[in-house]
Amino acid sequence: MPYLDTGGIIADDHEAHHALEQEAVQFAAVRNIPKVEFRQSDERLAGTSQADGERPPAYPGQPALQGFEVQTLRHKVRMILELPESAEALMQSLKSKRRSQIRKPMRDGLTVQVGGQELLDDFYDIFCVNMRDLGSPVHSKSFFREMLQSLPGQMHILLARNQETPLAASVVIGFGDCLYNPWASSLKAYKKLNANMLLYWHMLEFGCQHHFKYFDFGRSTPNEGTYNFKSQWGATPHPLEWTVYTRDPASPVEAGGDKEKFSAIIECWKRLPVGITRWLGPKIRKHISL
């Protein structure tokens, strides 16, 4: 499923898992779809115990997947924090440096608002600047608007301000016992105000207040910057296992190779005016499944 860290097969046993997997690939073969991607977490089969990296055993009689090469990527992890029963307990569990980074913007008068459609414009303005600075095409505003309309009571926008100036913003989505944070952005020009730290604290506080058991910081590459940032909050890595079927064995799927492949384009994108990336980005982004 595009843009999400997990969107694979849900099954109660290995045989059902294989049947779903092969039917999906055959569906692609009939329609000349070049690639099928199953984004599994480390808990692939509901109700079963399975060691990390263990693939379900083959079952006799299953049709062959003609014309497809298969690869399994394990280069990404989800960063998950188990939330305590209260925000106060969570605050006490943090190191003193982290607590001071949260309390400083509070003392300086920064505030965080939780809402929905009424915060979309401010969120999107910050998001566009941040994504341009990262060299990545931005989603359209209508993409977020339609999600807010489709997920009432589940999806929320958090916005950190210094008086009337928006500084950082994020999206959280609650599902089951987990609160997910798929998007978060802050303005580099105001980095010294620690708005990003306050924003993350309020997301975690929101999770505790609404009795979620886990907070999902999203995917990261081990030992890179975002991984280390999330680790400092107490999040632990949970392996992602993405199985990719491709019809073109001459074009192997590269684990984490996209950054290097498109480095020149990324650097050019960073130099574009935000207005251009805001207009052009959605036309490109809808074709990128990451």
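Residues numbered from 1 in each chain as written. Predicted model: local features only at pLDDT ≥ 70, side-chain atom pairs only at ≥ 80, totals over all residues. Heavy atoms only, no water.

What follows deals with the packing of helix H4 (residues 120-134) against helix H10 (residues 274-285). It is at 10 Å that the axes of H4 and H10 come closest, and there the two elements cross at 95 degrees. For the element pair H4 / H10, the angle class is roughly perpendicular. Of H10, the residues touching H4 (which contributes Tyr124, Asp125, Cys128, Val129 and Arg132) are Val274, Thr277, Arg278 and Pro282. Along the lines of polarity and charge, the residues of the contact of H4 with H10 split into five nonpolar, one polar and three charged. (Axes fitted to C-alpha atoms, helices over the stretch in contact; angles between N-to-C directions. Helix = DSSP H or I, 4+ residues; strand = E, 2+ residues; numbered from the N terminus. Parallel < 35°, antiparallel > 145°, perpendicular 65-115°, else oblique. Contact = heavy atoms within 4.5 Å. Nonpolar A, V, L, I, M, F, W, Y, C, P; charged D, E, K, R; others polar.)

Taken together, the three strands give an open sheet; going across it, the order is E1-E10-E2, and neighbouring strands pair in antiparallel fashion. Strands at the two margins of the open sheet, each flanked by one partner only, are strand E1 (35-40) and strand E2 (69-73). Between one strand axis and the next, the sheet turns through 15 degrees on average, direction left out of account. In this fold helix H1 (residues 14-30) packs onto E1 and strand E10 (241-246), with an angle of close to 150 degrees to the strand it touches most, E1. (Pairing = 2+ DSSP bridges.)

In terms of nonpolar packing, the biggest core is built from 34 residues, with Leu81, Leu83, Trp201, Leu204, Phe215, Phe217 and Trp233 touching the most fellow members. Broken down by secondary-structure element, the contributors of at least two residues to this core are strand E3 (77-82), helix H2 (87-93), strand E4 (110-115), strand E5 (155-162), strand E6 (165-175), helix H6 (195-209), strand E8 (214-220) and helix H7 (225-231). No other element matches the ten residues that H6 contributes to this core. Those residues in contact with Trp233 that sit more than four places away from it in its chain are Leu81, Leu94, Arg98, Ile102, Met197, Tyr200, Trp201, Leu204 and Phe217. The next biggest cluster of nonpolar side chains, apart from the first, holds 20 residues, and it includes Cys128, Val138, Phe144 and Ala169. (Core = buried A, V, L, I, M, F, W, Y, C linked by side-chain atoms within 4.5 Å. Buried < 20%, exposed > 50% of the residue type's maximum accessible area, 1.4 Å probe, protein only.)

Before going further, it helps to examine the packing of aromatic side chains. Within this structure, the stated rule accounts for 14 aromatic pairs. Considering the side-chain rings of Tyr200 and Phe217, the 6.0 Å spacing of their centres and the 10 degrees angle between planes classify their relative orientation as stacked. Of the two residues, Tyr200 is situated in helix H6 and Phe217 in strand E8; the sequence distance between them amounts to 17 residues. Neither residue differs from the other here; Tyr200 and Phe217 are each classed as buried. A ring pair is formed by Tyr200 and Trp233, whose centres lie 6.3 Å apart and whose planes are at 25 degrees; its orientation type is stacked. Placement of the pair is Tyr200 in helix H6 and Trp233 in the loop between H7 and strand E9 (236-239), with a sequence separation of 33 residues. What links up through ring pairs into an aromatic cluster is the set Phe123, Tyr124, Phe127, Phe143, Phe144 and Trp183. Across from the ring centre of Phe27, 3.7 Å away, lies the NZ or CZ of Arg31, which sits over that ring. The ring centre of Trp242 lies 4.1 Å from the NZ or CZ of Arg39, which sits over that ring. (Phe/Tyr/Trp six-rings, centres within 6.5 Å; stacked < 30°, edge-to-face > 60°. Lys NZ or Arg CZ within 6 Å of the ring centre and 35° of its normal.)

Further remarks concern the sheet that holds E5. Read across the open sheet, the seven strands follow the order E4-E5-E6-E7-E8-E3-E9; overall the sheet is mixed. Either end of the sheet is taken by a strand with one partner, and the two such strands are E4 and E9. Taken over all neighbouring pairs, the strand axes of this sheet differ in orientation by 30 degrees on average, direction set aside. Contacts from helix H5 (residues 141-150) reach E5 and strand E7 (178-186) within the one sheet, and its direction differs from that of E5 by about 120 degrees.

Okay, the environment of Met147 next. With respect to the secondary-structure elements, Met147 resides in helix H5. Linking Met147 and Ile173, residues 26 residues apart in sequence, is a C-alpha distance of 9.9 Å.

Turning our attention to the pattern of salt bridges. Oppositely charged side chains can pair when the atoms bearing their charge come close. Taken as a whole and assessed by the stated rule, the structure comprises eleven salt bridges. With a closest N to O distance of 2.8 Å, Lys141 and Asp121 form a salt bridge. On the criterion of sequence distance, the pair formed by Lys141 in helix H5 and Asp121 in helix H4 is long-range, its members being 20 residues apart. Relative accessible area serves as the criterion here: at 19%, Lys141 is assigned to the buried category. (Salt bridge = Lys/Arg side-chain N within 4 Å of Asp/Glu carboxyl O.)

What follows is about unusual backbone geometry. The phi dihedral of Gln163 falls on the positive side, at around 60 degrees, and the residue is not glycine. Within the secondary structure layout, Gln163 lies in the loop between E5 and E6. Here the phi dihedral of Asn223 falls at roughly 75 degrees; this positive angle occurs in a residue that is not glycine. Locating Asn223 in the fold gives a position in the loop between E8 and H7. On the basis of relative accessible area, Asn223 is assigned to the exposed category, the value being 63%.

We now examine the confidence of the model for the protein chain. Averaged over every residue, the pLDDT of the protein chain is 87; the share at 70 or more is 87%. Across the protein chain, E5 holds the top mean pLDDT of 98, while helix H8 (residues 258-261) sits lowest at 64. Within the model, pLDDT remains below 50 along residues 44-64, and this stretch shows 40 contacts once partners closer than five positions in the same chain are excluded. (pLDDT = per-residue confidence, 0-100.)

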